[in-house]
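Here is what each chain is made of, one letter per residue.
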Amino acid sequence: MARRRQIYEGKAKILYEGPEPGTIIQYFKDDATAFNAQKKGTISGKGVLNNRISEHIFTLLNTIGVPNHFIRRLNMREQLVRQVEIVPIEVVVRNVAAGSLSTRLGIEEGEPLPRTLIEYCYKDDALGDPLVAEEHIACFGWASQDEMNDIADMAIRVNDFLCGLFAGIGIRLVDFKLEFGRLWENDYSRLILADEISPDGCRLWDMTTNEKLDKDRFRRDLGGEVEAYQEVARRLGLLREDANEVLDLEQHRRKRGK
Ligand code: UDP
């Protein structure tokens, strides 16, 4: 079968033209980057796990009425999504101090925040995705005031839902990153959640041991990356008896040349 036309290759995903207009295919790679791509590596099997985890979360968000781009999973590494015009802002939602917030403001990692904090970064790899204020977003027209209101409302809803979902499986949702896109219908656009939600873009700590179950294992050279992602998938009920099932299946298919 002729390979579909590639639209874009990012750090962790490749986008291909979808089968119908207005759709695209997200292919999840095993590549991992950190610190604005200064650190690069691969986490074997990560793409398969992120595809499943993101499918699960976006499907659940759909059931509670958070509009998102997910249509359906196609195979181990690919999912069909709606094509959107990505808003050039990374929306970071924080419940507990960690990472760049701790470094920037000198707050100890693990310190619960008095209230949920939403931060915005301008999506520009060359600039290292700098933190920006809502005033910058308005000043440069990256999103309208109505869009910013929708973004903040959806981000809070996603956070409340995910905090509960993860608490139910013994995981603290420390922080995470969201991206939104515009879905155009004639001259009118509405915002929906896009990209992915997976341990690549979330900080997930075991509630009893504080063990990190996310990309910080890679960023901080802690090892056990794939086991951590598998543990998240397992607790979400996405891996049955054998934790290696999904990965074994993929290796089996590769051997058969499918
Ligand atoms: N994050 C992300 N992509 C980015 C930057 C951050 O997915 O380009 C996620 C990251 O995984 C974490 C949250 O956003 O869950 C907050 O990240 P932070 O600002 O602390 O940056 P970091 O410490 O990852 O550099």
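See the structure above.
Residues numbered from 1 in each chain as written. Predicted model: local features only at pLDDT ≥ 70, side-chain atom pairs only at ≥ 80, totals over all residues. Heavy atoms only, no water.

A. The arrangement of the nonpolar core in detail. With 48 residues, the main nonpolar core has Ile89, Val91, Val158, Phe166, Leu178, Leu193 and Ile197 as its most contacted residues. Per-element accounting of this core gives the leading share, 7 residues, to helix 4 (residues 145-167). Excluding residues within four positions of it along the chain, Leu193 makes contact with Phe58, Leu61, Val66, Pro67, Asn68, His69, Val158, Leu178, Glu179 and Phe180. (Core = buried A, V, L, I, M, F, W, Y, C linked by side-chain atoms within 4.5 Å. Buried < 20%, exposed > 50% of the residue type's maximum accessible area, 1.4 Å probe, protein only. Helix = DSSP H or I, 4+ residues; strand = E, 2+ residues; numbered from the N terminus. Contact = heavy atoms within 4.5 Å.)

B. How the structure looks around the environment of Ser100. Among the secondary structure elements, Ser100 is positioned in helix 2 (residues 99-105). A C-alpha to C-alpha distance of 26 Å links Ser100 and Gln230, two positions 130 residues apart in sequence.

C. Quick look at the packing of helix 1 (residues 46-63) against helix 4. Taken N-terminus to C-terminus, the directions of helix 1 and helix 4 make an angle of 120°; their axes are 11 Å apart at the nearest point. One element, helix 1, and the other, helix 4, form an angle in the oblique class. Here the hand of the crossing between helix 1 and helix 4 comes out right-handed. Here Ile57, Leu60 and Leu61 of helix 1 lie close against helix 4, whose contacting residues are Val158, Phe161, Leu162, Leu165 and Phe166. (Axes fitted to C-alpha atoms, helices over the stretch in contact; angles between N-to-C directions. Parallel < 35°, antiparallel > 145°, perpendicular 65-115°, else oblique. Left-handed = near helix turned anticlockwise from the far one by under 90°.)

D. Representation of the site of the ligand within the structure. By nearness alone, 15 residues border the ligand, and Arg94, Ser100, Asp175, Arg203 and Arg219 come closest of all. Ser100 is positioned such that a nitrogen or oxygen atom in its side chain is 2.5 Å from an oxygen atom of the ligand. Backbone polar atom of Gly201 to an oxygen atom of the ligand: 3.4 Å apart, as the coordinates give it. Only strand 9 (89-96), helix 2, strand 12 (171-185) and strand 14 (202-206) provide two or more residues apiece to the shell around the ligand. Residue composition of the shell around the ligand, grouped by class: 4 nonpolar, 3 polar and 8 charged. (Near = heavy atom within 4 Å. Polar contact = N/O pair within 3.5 Å; in protein donor to acceptor, adjacent residues only side chain to side chain. Nonpolar A, V, L, I, M, F, W, Y, C, P; charged D, E, K, R; others polar.)

E. Molecular detail of the packing of helix 1 against helix 6 (residues 225-235). Where helix 1 contacts helix 6, the axes come no closer than 10 Å and their chain directions differ by 25°. Judged on the interaxial angle alone, helix 6 and helix 1 are roughly parallel. Helix 1 and helix 6 meet at a crossing whose hand is left-handed. Only Val226, Tyr229, Gln230, Val232 and Ala233 of helix 6 make contact with helix 1, whose side of the interface consists of Lys46, Leu49, Asn50 and Ile53. In terms of residue class, the contact of helix 1 with helix 6 is made up of 6 nonpolar, 2 polar and 1 charged.

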